[in-house]
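Take a look at the letters that make up each chain.
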Amino acid sequence: MKEKKKFIRQYMIQSLAMSMLAVLWMLIIDTYFFRTERILKVVLSIMCFAFLFCFIESVIHRLLENHFWLCIGIELLMLASLFFVFGGQFQWFKEGQEWWIVIYAMPVYVIGYLLRLVGIHKDAEDINKYLEARKKRIKNK
């Protein structure tokens, strides 16, 4: 069962990465042949948003690893701030429609958070297996 979870998680990550690369490539080709730069700008801005969010999120987790709720609060604040900056700069929403963060960003954050929990659970299981094996080795000496 544990291997199945690992496989599913790995499959999801690989398929999402492959999908993103396919979308990006199609948009580059469309931009070159049909001059649809606006869509390419939106996709590239979303990729930059995601890269920046994930980078800042990893820094936050390293600095505040023992403060769960503080991490969540800062992540949500950062998500909203980045959404407003990128959304305003790249026109993801019209003025006065900033509430779209609930539709655009929050579901992605929640799904990403749940995927991260699965990864953390897997890491904890691996660490426990390692500790059990080490304990057995020490007893056998």
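Colleague: I'm lost on the packing of aromatic side chains in this one. Help?
Modeller: Two measures describe an aromatic ring pair: the distance that separates the ring centres and the angle between the ring planes. Tallied over the full model, the rule gives twelve aromatic pairs. Between F68 and Y113 the ring centres are 6.4 Å apart and the planes differ by 55 degrees, which places this aromatic pair in the tilted class. Taken as a pair, F68 in helix α3 (residues 68-90) and Y113 in helix α4 (residues 101-140) lie far apart in primary sequence, 45 residues in all. For F68, a relative accessible area of 42% puts it in the partly exposed group. In textbook terms, an aromatic cluster arises when at least three aromatic residues are bridged by ring pairs, as seen for F49, F53, F68, W69, F83, F84, F86, F90, W92, Y109 and Y113.

Colleague: Just to check I follow, could you spell out the layout of surface pockets for this structure?
Modeller: Regions of empty space are outlined by a rolling probe, equal in size to a water molecule, passed over the atoms. Of the volumes computed, that of the largest pocket is approximately 1,200 Å³. Of all the elements in the fold, those that place two or more residues in the lining of the largest pocket are α1 (2-34), α2 (37-63), α3 and α4. At ten residues, the largest contribution of residues to the lining of the largest pocket is made by α4. Tallied by class, the residues present in the lining of the largest pocket amount to 23 nonpolar, three polar and four charged.

Colleague: Help me understand a nonpolar patch on the surface, please; the structure alone is not making it clear to me.
Modeller: Taken together, the side chains of F7, I8, Y11 and M12 present a nonpolar region at the surface, about 420 Å² in accessible area. Among the structural elements, M12 can be located in helix α1.

Colleague: Explain the nonpolar core to me, please; I cannot follow it from the model alone.
Modeller: Soluble, globular proteins show a tendency: their nonpolar side chains are buried together. Ranked by size, the top nonpolar core spans 18 residues in total, and within it F49, F53, L79, L82, F83, W92 and Y109 carry the most contacts. Those elements giving two or more residues to this core turn out to be α2, α3 and α4. Considering every element that reaches this core, the biggest residue donor is α3, with eight residues. Setting aside residues no more than four positions away along its own chain, L82 makes contact with F49, L52, F53 and G87.

Colleague: Can you help me understand α2 in this one?
Modeller: Working note: α-helix, 3.6 residues per turn, so residues spaced by three or four point in the same direction. The end-to-end C-alpha distance of α2, which contains 27 residues, comes to 39 Å, matching closely the 39 Å that a straight helix rising 1.5 Å per residue would cover. Buried within α2 we find L40, V43, S45, F49, F53, E57 and I60.

Colleague: Is there a simple way to explain α3 in this structure?
Modeller: Over its 23 residues, α3 extends 32 Å from the first C-alpha to the last, a length consistent with the 33 Å expected when each residue adds 1.5 Å. Backbone geometry just downstream of α3 places Q91 in the positive-phi region, at approximately 55 degrees.

Colleague: Quick question: what am I supposed to make of the packing of α2 against α3 here?
Modeller: Axis angle and axis distance: for two packed helices, these are the angle between their axes and the distance between the axes, and together they describe the pair. Relative orientation of the contacting elements α2 and α3 amounts to 160 degrees, with a least axis distance of 10 Å. Classified by the angle between their axes, α2 and α3 sit roughly antiparallel to one another. Viewed along their axes, α2 and α3 form a crossing whose handedness is right-handed. Here α2 contributes R38, S45, C48, F49, L52, F53, I56, E57, I60 and H61 to the contact with α3, which in turn contributes C71, I74, E75, M78, L79, L82, F83, F86 and F90.

Colleague: How do you make sense of unusual backbone geometry when you look at a structure like this?
Modeller: Note: most residues except glycine have negative phi, and most peptide bonds are trans. One non-glycine residue, Q91, lies in the positive phi region at around 55 degrees. Here Q91 lies in the loop between α3 and α4. According to the relative accessible area criterion, Q91 is exposed, its value standing at 54%.

How each quantity is defined
- Residues numbered from 1 in each chain as written.
- Predicted model: local features only at pLDDT ≥ 70, side-chain atom pairs only at ≥ 80, totals over all residues.
- Heavy atoms only, no water.
- Phe/Tyr/Trp six-rings, centres within 6.5 Å; stacked < 30°, edge-to-face > 60°.
- Helix = DSSP H or I, 4+ residues; strand = E, 2+ residues; numbered from the N terminus.
- Buried < 20%, exposed > 50% of the residue type's maximum accessible area, 1.4 Å probe, protein only.
- 1 Å grid on protein atoms, 1.4 Å probe; cavity = no way out; pocket = protein on both sides within 12 Å on 5 of 7 lines; lining within 4 Å.
- Points joined across faces, edges and corners; volume = space filled by probe spheres on them.
- Nonpolar A, V, L, I, M, F, W, Y, C, P; charged D, E, K, R; others polar.
- Patch = residues over 30% accessible without salt bridge, like charges linked within 9 Å, V, L, I, M, F, W, Y side chains within 5 Å.
- Areas by Shrake-Rupley, 256 points an atom, 1.4 Å probe, with all protein chains shown as cover.
- Salt bridge = Lys/Arg side-chain N within 4 Å of Asp/Glu carboxyl O.
- Core = buried A, V, L, I, M, F, W, Y, C linked by side-chain atoms within 4.5 Å.
- Contact = heavy atoms within 4.5 Å.
- Expected span 1.5 Å × (residues − 1).
- Axes fitted to C-alpha atoms, helices over the stretch in contact; angles between N-to-C directions.
- Parallel < 35°, antiparallel > 145°, perpendicular 65-115°, else oblique.
- Left-handed = near helix turned anticlockwise from the far one by under 90°.

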